[in-house]
Amino acid sequence: MKELILYIARALVDNPEEVSVMEVEGEKTTVIELRVAQEDLGKVIGRQGRTARAMRTILNAAATKLRKRAVLEILE
Amino acid sequence: MDWIEEEGKSIDEAIERALSRLRARREEVVVEVLEENRPLLGFFGSANVRIRVGRTPTTSAVQRAVEILEALLQRMGVNGTAQGQEENGTVSLKILSSDGGLLIGRHGETIDALQYLVNRIVNRRAVGGERTRVVIDTAEYRERRIERLQSLARKAAQEVKSSGKAVTLAPMSSWDRRVIHLSLKNDRFVETFSTGDGDHRQVMIALLRRREEAAPELPNP
């Protein structure tokens, strides 16, 4: 799941080397923390949060496949 | 290939400048060193290099879209391959996978999200009118959705004609709205337009009044 978000974020931003993703495993839910360069925040959030929503939807599908729950946090 | 020339104190610096001018990544360009002046005896004068940098010919839009989609599928843990074809600037991708249901998602939200992201990534550096439209389907999901939307459009148009009142459809994505607009484009009695903002954009179907009052239907010249 980490690799998935890393791939998408790197493909969208202008500063791929500044993308980092942490996977924090909880008992039931895994939190995926995404950090990007300040100027790239808009690129991973998108107009009206559309890009972030699409990433969350795909992450959910990937988590379902693993019989897990995952949430994406975009950190500033 | 188009080349640009750049200078710098070191090759790396010159490359860095060229990349930011081209808005390209290192792996997307070829670099040739034109001139490299080493400082005399190591400390007289400063090093200076001149390079030329060209963007490698881009792979076809279909190829890029297929690669991006397959990379996503693989990282989603989904077994599947993608096939694509291009027609009139639209790339159509089909996913062959045993995880069809998972890929489609509730009300098609997963396949829509995939389609949206692949579009964003493919068109990342597109400027102006150079955008490629990518449509992703699996297990004929989208074909069936097109049929459903077309029948919805026909029924709504029928209602408009018999009641004379405009009908507003539920909010839907731009892709869905486009299907509705296109399917009623040739109906001489109704016109369609989108109203509302963002996620709440809806198609409105109204009776086309007498010709002179109606908004002219303008096929692009």
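Residues numbered from 1 in each chain as written. Chains lettered and ligands numbered in written order. Predicted model: local features only at pLDDT ≥ 70, side-chain atom pairs only at ≥ 80, totals over all residues. Heavy atoms only, no water.

Put simply, the rule reads: UniProt positions are given in the numbering used here, feature names are shortened, and annotations may be inferred rather than shown by experiment.
The name given to chain B in an unreviewed UniProt entry is RNA-binding protein KhpB, with the source organism recorded as Tectimicrobiota bacterium. The UniProt entry for chain B carries this comment under Subunit (unreviewed entry): "Forms a complex with KhpA." Recorded in UniProt for chain B, the comment headed Function (unreviewed entry) runs: "A probable RNA chaperone. Forms a complex with KhpA which binds to cellular RNA and controls its expression. Plays a role in peptidoglycan (PG) homeostasis and cell length regulation."

Chain A goes by RNA-binding protein KhpA in an unreviewed UniProt entry, where it is assigned to Tectimicrobiota bacterium. Quoted verbatim from the Function (unreviewed entry) field of the UniProt record, the comment on chain A reads "A probable RNA chaperone. Forms a complex with KhpB which binds to cellular RNA and controls its expression. Plays a role in peptidoglycan (PG) homeostasis and cell length regulation." According to its UniProt record, chain A has this under Subunit (unreviewed entry): "Forms a complex with KhpB."

## Details of the sheet that holds strand 5 (residues 90-97) of chain B
Residues and elements named next belong to chain B. Where we set the bar: Here, any two strands with at least 2 DSSP bridges between them count as paired. The secondary structure listing takes helices from DSSP runs of H or I that are at least 4 residues long and strands from runs of E that are at least 2 residues long, numbered from the N terminus. Interaxial angle, 0 to 180 degrees, is taken between N-to-C directions of lines fitted to C-alpha atoms, where a helix line uses only the stretch in contact.
Pairing is mixed across the open sheet formed by 3 strands, whose spatial order is 4-5-6. Of all the strands in the sheet, just strand 4 (80-87) and strand 6 (133-138) have a single pairing partner and so form its edges. Taking the axes of each pair of neighbouring strands and ignoring which way they run, one obtains an average angle of 20 degrees across the sheet. Examined bridge by bridge, strand 4 and strand 5 share 8 bridges and lie antiparallel to one another. Bridge pairing links Gly80 to Ser97 in strand 5.

## Concerning the sheet that holds strand 2 (residues 29-35) of chain A
All names here are of chain A. Judged by pairing direction, the sheet is mixed, and its 3 strands sit side by side in the order 1-2-3 without closing on themselves. Each of the sheet's edge strands pairs with one partner strand only, and the pair in question is strand 1 (20-25) and strand 3 (69-75). Direction aside, neighbouring strands of the sheet carry axes that sit 20 degrees apart on average. As paired strands, strand 1 and strand 2 are joined by 6 bridges and run antiparallel to one another. Directly across from Val24, in strand 2, lies its bridge partner Val31.

## Regarding the interface of chain A and chain B
Spelled out, the test is: Here, residues are in contact when the closest pair of their heavy atoms is within 4.5 Å. By convention, the term buried area covers the 1.4 Å-probe accessible surface removed from two parts as they join, with the contributions of both added. Put simply, a salt bridge is a Lys or Arg side-chain nitrogen that is within 4 Å of an Asp or Glu carboxyl oxygen. Between N or O atoms, a polar contact is any pair within 3.5 Å; within protein, one atom must be a potential hydrogen donor and the other a potential acceptor, and residues adjacent in sequence are included only when both atoms are from side chains. Residues are sorted three ways: Asp, Glu, Lys and Arg are charged, Ala, Val, Leu, Ile, Met, Phe, Trp, Tyr, Cys and Pro are nonpolar, and all the rest, Gly among them, are polar.
At the interface, 23 residues of chain A touch 22 residues of chain B. It is Tyr7, Ile58 and Lys65 of chain A that lose the most area in chain A upon contact with chain B, and together they represent 27% of the buried surface on that side. The interface formed by chain A and chain B holds 2 salt bridges in total. Measuring nitrogen to oxygen at the nearest pair gives 2.8 Å for the salt bridge that ties Asp99 of chain B to Lys65 of chain A. The tally of links between chain A and chain B comes to 7 residue pairs in polar contact (both at pLDDT 80 or more). Only helix 1 (2-12) and helix 3 (50-65) of chain A provide two or more residues apiece to the side of chain A that touches chain B. Here the residues of the side of chain A that touches chain B are counted per class, giving 12 nonpolar, 4 polar and 7 charged.

## Considerations on the confidence of the model for chain B
Heads up, the condition is: Values of pLDDT, ranging from 0 to 100, describe the predictor's confidence in every residue of the model.
For chain B, the mean per-residue pLDDT works out to 85, and 86% of the residues sit at or above 70. Model confidence for the complex: the whole-complex pTM is 0.68, and ipTM, which rates the interface, is 0.94.

## Overview of the nonpolar core
When a protein is soluble and globular, its nonpolar side chains tend to lie buried together. Going by this rule: In this description, a nonpolar core means a group of buried Ala, Val, Leu, Ile, Met, Phe, Trp, Tyr and Cys residues linked to one another through side-chain atoms lying within 4.5 Å. Only protein chains enter the calculation, and the probe is 1.4 Å; a residue is then buried if its accessible area is under 20% of its type maximum, exposed if over 50%, and partly exposed in between.
Core analysis: the biggest nonpolar cluster contains 54 residues, and Leu34 and Met55 of chain A together with Leu69, Met76, Leu114, Val118 and Ile136 of chain B have the highest contact counts within it. A per-element tally of this core places helix 2 (residues 61-76) of chain B first, with 9 residues. Sequence-distant contacts of Leu114 of chain B, that is, excluding residues within four places in its chain, are made with Ile58 of chain A together with Leu69, Leu72, Leu73, Met76, Ile95, Leu103 and Ile136 of chain B.

## A few points about the packing of aromatic side chains
Residue and element names in this part refer to chain B. Applied cut-off: Each pair of aromatic rings taken from Phe, Tyr and Trp, with Trp reduced to its six-membered ring, is defined by centres within 6.5 Å and is described as stacked if the planes are under 30 degrees apart, edge-to-face if over 60, and tilted in the remaining cases. Only Lys NZ and Arg CZ are tested; either one counts as a charge over a ring when it is within 6 Å of the ring centre and within 35 degrees of the ring normal.
Applying the stated criterion across every chain, the model contains 0 aromatic pairs over all chains. The ring of Trp3 carries Arg52 above its face, with NZ or CZ at 3.9 Å from the centroid. Positioned above the aromatic ring of Trp175 is the side chain of Arg142, whose terminal nitrogen or guanidinium carbon lies 4.7 Å from the ring centre.

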